[in-house]
Amino acid sequence: MQTATQDPHGGATGHGGLRRGLKARHLQLLAIGGAIGTGLFLGSGTTISLAGPSIIFVYAIVGFALFFVMRALGELLLSNLGYKTFGDVAADLIGPWAGFVVAWTYWLAWVITVIADIVAITGYVAFFNADIPAWAPAIATAIGLLLLNLQPVKAFGETEFWFAIIKVVAILALIGVGIFLLVTGFTSADGVTASVSHLWDHGGMFPFGISGFILGFQMGVFAFVGIELVGTASAEAEDPEKNLPKAINSVVVRILVFYVGALVIIMSVTPWDQIQPGVSPFTSMFELIGFPAAAIVVNLVVLTSAASSANSGFYSSTRMLYGLAADGQATRRFGLLNSRGVPTQGVFFTTAFLFAALPVLALGDNVMAAFTVVTSVSSLNFIATWTFILVSYLMFRKKRPELHEASTFKMPGGRFMPWVILAFFAFILVALAMGEDTRAGLIVLPLWFLGLGLMWRFVVRKRVARRQAEELDELAEGTAP
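It should be emphasised that the depicted structure is a prediction, and the values quoted were computed from it without experimental measurement.

Overview of the overall build of the protein chain
So, step 1. Each helix and strand in the protein chain was counted, giving 20 helices and two strands.
So, step 2. Within the span of the protein chain, comprising 481 residues, buried residues form 56% of the whole.
So, step 3. Within the structure as shown, the protein chain displays about 18,600 Å² of accessible surface, and the carbon and sulfur contribution to it stands at 67%.

Topic: helix α3 (residues 55-79)
So, step 1. Relative to the 36 Å expected for 25 residues at 1.5 Å per residue, α3 spans 36 Å between its end C-alpha atoms, a close match to the ideal helical length.
So, step 2. Most of α3 is tucked away: 19 of the 25 residues are buried.

Some thoughts on the confidence of the model for the protein chain
So, step 1. Put simply, the protein chain has an average pLDDT of 80, and 82% of its residues get 70 or more.
So, step 2. The weakest mean pLDDT in the protein chain belongs to strand β1 (residues 4-6) at 35; the strongest belongs to helix α18 (residues 401-406) at 93.

Looking at the pattern of salt bridges
So, step 1. For the structure on display, the rule yields one salt bridge.
So, step 2. Note that D92 is salt-bridged to R400, the shortest N-O span being 3.2 Å. In this pair, D92 is assigned in helix α4 (residues 86-93) and R400 in the loop between α17 (367-399) and α18, connecting sequence segments 308 residues apart.
So, step 3. Owing to a relative accessible area of 22%, R400 belongs among the partly exposed residues under this scheme.

With respect to the environment of A440
So, step 1. Structurally, A440 can be placed in helix α20 (residues 436-479).
So, step 2. Judged by relative accessible area, A440 falls into the partly exposed class, the value being 30%.
So, step 3. On a C-alpha basis, the gap between A440 and V374 in space is 9.3 Å, while along the polypeptide they are 66 residues apart.

Procedures and definitions
Residues numbered from 1 in each chain as written. Predicted model: local features only at pLDDT ≥ 70, side-chain atom pairs only at ≥ 80, totals over all residues. Heavy atoms only, no water. Helix = DSSP H or I, 4+ residues; strand = E, 2+ residues; numbered from the N terminus. Buried < 20%, exposed > 50% of the residue type's maximum accessible area, 1.4 Å probe, protein only. Areas by Shrake-Rupley, 256 points an atom, 1.4 Å probe, with all protein chains shown as cover. Expected span 1.5 Å × (residues − 1). pLDDT = per-residue confidence, 0-100. Salt bridge = Lys/Arg side-chain N within 4 Å of Asp/Glu carboxyl O.

Okay, here's the thing in structure tokens:
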């Protein structure tokens, strides 16, 4: 494993040459931004149409499960500050092949997610001007992401800081307005009076029964992708021992406020059966109560949120390529840093794949259809990544018991909760198999793993062994008298 080095320009660097340019406020807001993604702003409309008010329980359960994944990740990362990515963790505790598989899977997960965000952005742009061709905002977003990610990591942190502020303020404002409407008994032009009773008066909390509740997990899990992003950023964060636990422990509060709280308010003001699946419920709520100007503002906010999610995902995918190159599992070009400490080759390589958003837009009957198909594939890749994190944690407790005992940030219920969460992920796979739109991902993922297995067996394993031999020879030469 590589360890932290000293920046020749005078500042502390991250592991393997990455600079620690992310401050505490960047890491905190990055954690918040990672927990509030496009899945909440756009995808929750579809989830509500599948599950009704039981979406509240869907988000609460998924958030509960992922909190334990984050605590496991936090304990792992703090046990060895030489870890750069989840790939390093898996390679060290499971085996080099696992590091290769999880790193490339996580890279693909974010590339697909960024494509989904670009698809969502085209939908938001159409809200303002339907005459703009879908390919125009897609290409503009890809170029914008390229330019943003060629800047130093401090610029990335600052951008995401303000993106996250906008999201937080918007959701808190929506909750505040919703509470006011509930307290005053606001009645819309259609004769709908804001009331908490809307949660159970339109077919009950589970209007589609247990099957509808299970289907809600299809899109519900996608709303949380990126929650682990704070782990990727920790390699470039200042004082990770202090700031990483703070960021992870705030996950529960964020989930309760931004997911459960916001959706309770939305469905209390707007009955769930009046929310259109292909439209952001944040927008439809303001339109229903007769605030068209507010709806425009909300669309600007969710447009910003999609851009933020895409930017975070783009950043994370390039750092994963950097980690692969550092471990000899990808071309060394991905490990080259420019004078700003940016892995430019990985940035350009990832950008090329973003233009896949164009055929995705062409294949879908509408933006939401394309969004659903893409997010189902992405969700499976993230579930695979979270699974590797939990398996790595189980191996950590087995192989490094002394480090676990010395940890000041232990995962709660570390003996049994990983198994509980792994069983929950298996349940998610069943939920994804139940939907026609989401079933496609279950076909794609095995093919992806097969391709990675063949690549490892016939190409990468030999390269890694050769590189390790070279490092041993260099070490021997350095210690020779």
